[in-house]
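Chain residues, written in single-letter form:
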Amino acid sequence: MKVFLYSPYIPKHFGGGEKYLLDVARVLAQSKSLEVTVAVSQSNQLSQKQLNNVKKQYANFFNINLNNLVFVSSPLGSSASSLKKALWTKKFDIGFYLTDGSLFFSLAKKNILHIQVPLKEIKHSWLDRLKLKSWHKITTNSYFTKSIVEPNWKIKVDEAHQPMIDVKPLIAQTDLSKKEKIILNVGRFFPQLHSKRQDIMATIFARLINQYKKEMKDWKLVFVGGVEDQQYLDAVKKLAVGLPIEFVHDANNLQLQEWYKKSSIYWHATGYRIDPEQEPHKVEHFGISTVEAMASGCVPVVIAKGGQREVLGDELLKWSWLTQRECIKKTKQLAVNKKLRQELQIIAQRRSLAFAPEIFVNKLSNLINNP
């Protein structure tokens, strides 16, 4: 059986959506009965050698094995006619599309549409409704995204297929007795859309340190993440002047894991002062870094919006926050109470298992095999 997977974001983006699609492809490629193809729009004008290099770049960036996958040029996402695109898909048994909001007709025998972003745009035109009918299963990356998409697109989402996160190695390699007085945040530096809001976290940390100098003695805040907007980074660094705040911009996967292992508390502020109902695209759609931090024994003190709420679960949700005052109060409480911190670190690790690979694989198997 032949399978194609397509995302309009490949080869230009290296984020959670691309990791999700490639994880789906890797899992499917483990079956000897499936021939798995990753489609790249021919509008990128890449030779096969260049396509192979794209595959290598994704493998290195995400530290995953993509040897069983073939990257090919495709009319999808190009200026080719709808007929040409549809005919290209006809040779496949399964089609898997991670949409950017756009739709196309697929003539594969079974088609799965994955919605990664909580898009509110209305899909009510007769053409959109017709295109949607060619997709047999519809999934989202979180229950939050599902709650936004269903009423706005007027569709039924079959499954919230959350990302695959390899939590067990993170749990195994973490020694909770060696945790340090570090508050960690992981995320790229950019001010637009669902910004990680390092500016707000720097502001909160300044207030925390000034209000509780004795209690927060020797604690530091560490930002780990690449730079997409230098001007925004400069503004955050200005807020951090004179404070125990560290910036790490070029950490590889192993170095990132070391920061997770050392840190005691994890902060996240995406969606601060945003109404998730009005602007759902500006809050965290899921929260992979939060799950990774939890698996590494960090207590998540994160904003109670979007996909973060389902990541935390009931036991940890009480440690989330909406206001700066709440974040300061809860962080200070954890900082001074080591026993409480350690109890919650164990709970966080246990909760992270809800997103282990076997959960991802089981859901994918049901999507592929069930009518």
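To be clear, the structure that these remarks concern was listed above.
Residues numbered from 1 in each chain as written. Predicted model: local features only at pLDDT ≥ 70, side-chain atom pairs only at ≥ 80, totals over all residues. Heavy atoms only, no water.

A. Quick look at the sheet that holds strand β1 (residues 2-6). If you walk across this open sheet you meet the 7 strands as β3-β2-β1-β4-β5-β6-β7, and the pairing is parallel. The open sheet is flanked by β3 (70-74) and β7 (159-160), the only strands paired with a single partner. In this structure, strand β4 (residues 94-99) lies alongside strand β5 (residues 110-115), joined through 6 bridges in parallel fashion. Residue pairing in the sheet places Leu 98 in a bridge with His 114 of β5. Against the sheet, helix α2 (residues 48-62) engages β2 (35-41) and β3, with an angle of about 130 degrees to β3. Each of β4, β5, β6 (137-140) and β7 is contacted by helix α14 (residues 357-369), which is oriented at about 140 degrees to β5, the strand it contacts most. (Pairing = 2+ DSSP bridges. Helix = DSSP H or I, 4+ residues; strand = E, 2+ residues; numbered from the N terminus. Contact = heavy atoms within 4.5 Å. Axes fitted to C-alpha atoms, helices over the stretch in contact; angles between N-to-C directions.)

B. Here's a closer look at the side chain of His 114. Structurally, the position occupied by His 114 is in strand β5. Only 2.7 Å separates the side chain of His 114 from the side chain of Thr 139, close enough to count as a polar contact. (Polar contact = N/O pair within 3.5 Å; in protein donor to acceptor, adjacent residues only side chain to side chain.)

C. A look at α14. For α14, spanning 13 residues, the distance from its first C-alpha to its last is 18 Å, which sits close to the expected 18 Å at 1.5 Å a residue. Pro 357, Phe 360, Lys 363, Leu 364, Leu 367 and Ile 368 are the residues of α14 that are buried. All buried residues of α14 fall inside an arc of 135 degrees around its axis, so they share one side. On its buried face, α14 sits against α1 (16-29), β4, β5, β6, α5 (143-153) and β7. (Expected span 1.5 Å × (residues − 1). Buried < 20%, exposed > 50% of the residue type's maximum accessible area, 1.4 Å probe, protein only. Arc of directions from axis to C-beta.)

D. Representation of the pattern of salt bridges within the structure. If you walk through the whole model with that rule in mind, you get 15 salt bridges. Arg 26 is the salt-bridge partner of Asp 23, the closest N and O atoms lying 2.8 Å from each other. Of this pair, Asp 23 and Arg 26 are both found in helix α1, 3 residues apart, which corresponds to roughly one turn of the helix. A residue is classified by how much of its surface remains accessible, and Arg 26, at 21% relative accessible area, is partly exposed. The salt bridge involving Arg 188 is made with Glu 228; its shortest N-O contact spans 2.7 Å. Placement of Arg 188 in the loop between β8 (182-186) and α7 (198-211) and of Glu 228 in the loop between β9 (220-224) and α8 (230-240) is noted, with a sequence separation of 40 residues between them. You can call Arg 188 partly exposed: its relative accessible area is 35%. (Salt bridge = Lys/Arg side-chain N within 4 Å of Asp/Glu carboxyl O.)

E. Main features of the side chain of Glu 284. Among the secondary structure elements, Glu 284 is positioned in the loop between β11 (265-268) and α10 (288-295). Take Glu 284: its relative accessible area is 9%, and that puts it in the buried class. Among the polar contacts listed, one links the side chain of Glu 284 to the side chain of His 268, at a separation of 3.2 Å. If near-sequence neighbours (up to four positions away) are discounted, Glu 284 is found in contact with Phe 144, His 194, Lys 196, His 268, Thr 270, Lys 305, Gly 306, Gly 307 and Gln 308.

F. Seen up close, the packing of aromatic side chains. The full count for this structure, using the stated rule, is 21 aromatic pairs. Each ring, one from Tyr 20 and one from Phe 360, has its centre 5.8 Å from the other, and the planes form 75 degrees; the classification is edge-to-face. Note that Tyr 20 is positioned in helix α1 and Phe 360 in helix α14, a separation of 340 residues in sequence. Accessibility assignment for this pair places Tyr 20 and Phe 360 in one class, buried. Residues Phe 61 and Phe 62 carry aromatic rings whose centres are separated by 5.0 Å and whose planes lie at 90 degrees to one another, so their mutual orientation is edge-to-face. Grouping aromatic residues by their ring pairs yields a cluster made of Tyr 6, Tyr 97, Phe 104 and Trp 135. In this arrangement the basic side chain of Lys 262 is found over the ring face of Trp 259, its NZ or CZ atom lying 4.0 Å from the centre. (Phe/Tyr/Trp six-rings, centres within 6.5 Å; stacked < 30°, edge-to-face > 60°. Lys NZ or Arg CZ within 6 Å of the ring centre and 35° of its normal.)

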